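# Structural description and commentary
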Amino acid sequence: MARGSTRPTSRDVAQAAGVSQAAVSLVLGDKWRGRVSEPTAQRVRDAARRLGYRPNLAARNLRLGRTRTVLLVVPALTTEFFAEVYTGAARVAAQHGFGVVLYPSPEGVGPARDPFASAQAALDGVIASSMAADALTAIRGDQLPLVMLDSDPEGSLGAATVNLDITDGIRQVAEHLLALGHRRFLHLAADVPSWTFEIRARALAARLADTPGTTLRTARAPISVDGALAATETALAAPGPRPTALVCDDDKLAVGAYKAARRAGLRVPDDLSVTGLDDLGLATAIDPELTTVRLDAELFGERGMRALLAVMEGRTPEEGDIPVHLVVRGSTAPPPHD
């Protein structure tokens, strides 16, 4: 090994084993059978171990045309949900020798500039949330192996989709509130053009339509506490019988709804029951603690990465939506007597 060098090279291994560099590449790349004898292969392995040689994966991957890097495209990281999705995806990726680069769309939702000179040269595949689908166009990620999260399976850009069973989550919320006796509902809907929010509205309307005597109004708000506060204040002040149950598209909207209720002199849950969806840290930080639907964000990321590995290897990804669970806390109760 050259003096002063801190890292042994394949040439050092070849010299120590008395073979060519090509033979070293074959043996350490596990492609030696039928081309190099077993004793020679063992000699190469012994020399590599003795010298502490580690193959340069970056150089090898460049030669193979693969970087073993995956891009995870998400909306701006304004909650911990997508951070947990990343954690799950990165865990599975690491088990298969891949890295995950997180790319939050700078505007949260909408087009984003290309962070790479060429995504196709820099990446092996993409996992993307439907909430950040426009960013795919900017990075030309739709020309790579692609798995979509929270996306319509019928109209997806991706080779595979991975979804949480949001429809069932909304059904669980509706059935919980109906069982408590609620019949007047307000849906605080996220004002975001995304399939995952469209199905929430459809699922809620469909379930309530099955129960005679229910009414459903809808107020739309951006996903922010201030936006939810303003939309809820307006909805609660509207003429007609006041709703007794407020179904929010996510936990952050529920926080704004709490503030609006208090400003209107209403108590949660005595006068107004409120539900969320996500089960973020916020859900237990507010008082009363929020009844919401727990979404397993890490499992979501794991399933997304496993689906992408399957797509890249030509296998059929695992099918079926990820189950979600209603967590009943202090923000829901029977409606007040009229």
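The model shown is predicted, which means the values in this text are computed figures rather than measured ones.

### Observations concerning the packing of helix α8 (residues 166–180) against helix α9 (residues 195–209)
- It is the contact of α8 with α9, at a shortest axis distance of 9 Å, that shows an interaxial angle of 40°. Here α8 and α9 pass one another in a crossing that is right-handed. Listed contacts from α9 to I166, T167, I170, R171, A174, E175 and L178 of α8 are T196, I199, R200, A203, L204, R207 and L208.
- Of the residues belonging to the contact of α8 with α9, the class tally is 8 nonpolar, 2 polar and 4 charged.

### A look at the nonpolar core
- Core analysis: the largest hydrophobic core is formed by 70 residues, its most contacted members being F81, L188, V274 and M305.
- In terms of domain composition, this core takes at least three residues from each of domain 2 (67–163 + 298–312) and domain 3 (166–296).
- Among all residues touching L188, those that are not within four sequence positions of it are A219, A221, A228, A231, T232, L246, V247, C248, D249, L253 and A257.
- Core analysis: the next-biggest nonpolar cluster, separate from the first, contains 15 residues, A17, A23, V24 and A47 among them.

### Describing the sheet that holds strand β8 (residues 245–248)
- The sheet built from 4 strands is open, its strands ordered β7-β6-β8-β9 with parallel pairing. The open sheet has two edge strands, β7 (215–221) and β9 (273–275), and neither has a second partner. Mean inter-strand twist for the sheet, computed between neighbouring axes without regard to direction, equals 20°.
- Note: strand β6 (residues 184–190) against β8, 4 bridges, orientation parallel. Within β8, the position partnered with F185 by the bridge is A245.
- The sheet strands contacting helix α10 (residues 225–236) are β6, β7 and β8, and the helix crosses β7 at an angle near 145°.

### What to know about the confidence of the model for the protein
- Here the protein averages 86 in pLDDT, while 84% of its residues score no lower than 70.
- Throughout residues 57–65 the model reports pLDDT below 50, and contacts reaching past four residues in sequence, or to other chains, amount to 4 contacts.

### So, unusual backbone geometry
- For the bond running from V268 to P269, omega is 5°, close enough to zero to count as cis.
- Position of P269 relative to the elements: it lies in the loop between α11 (251–263) and β9.
- Cis geometry is found at the peptide bond from D287 to P288, where omega equals 0°.
- Take P288: it is sitting in the loop between α12 (282–285) and β10 (292–294).

Basis of the calculations
Residues numbered from 1 in each chain as written. Predicted model: local features only at pLDDT ≥ 70, side-chain atom pairs only at ≥ 80, totals over all residues. Heavy atoms only, no water. Axes fitted to C-alpha atoms, helices over the stretch in contact; angles between N-to-C directions. Helix = DSSP H or I, 4+ residues; strand = E, 2+ residues; numbered from the N terminus. Left-handed = near helix turned anticlockwise from the far one by under 90°. Contact = heavy atoms within 4.5 Å. Nonpolar A, V, L, I, M, F, W, Y, C, P; charged D, E, K, R; others polar. Core = buried A, V, L, I, M, F, W, Y, C linked by side-chain atoms within 4.5 Å. Buried < 20%, exposed > 50% of the residue type's maximum accessible area, 1.4 Å probe, protein only. Domains from an automatic or database assignment. Pairing = 2+ DSSP bridges. pLDDT = per-residue confidence, 0-100.

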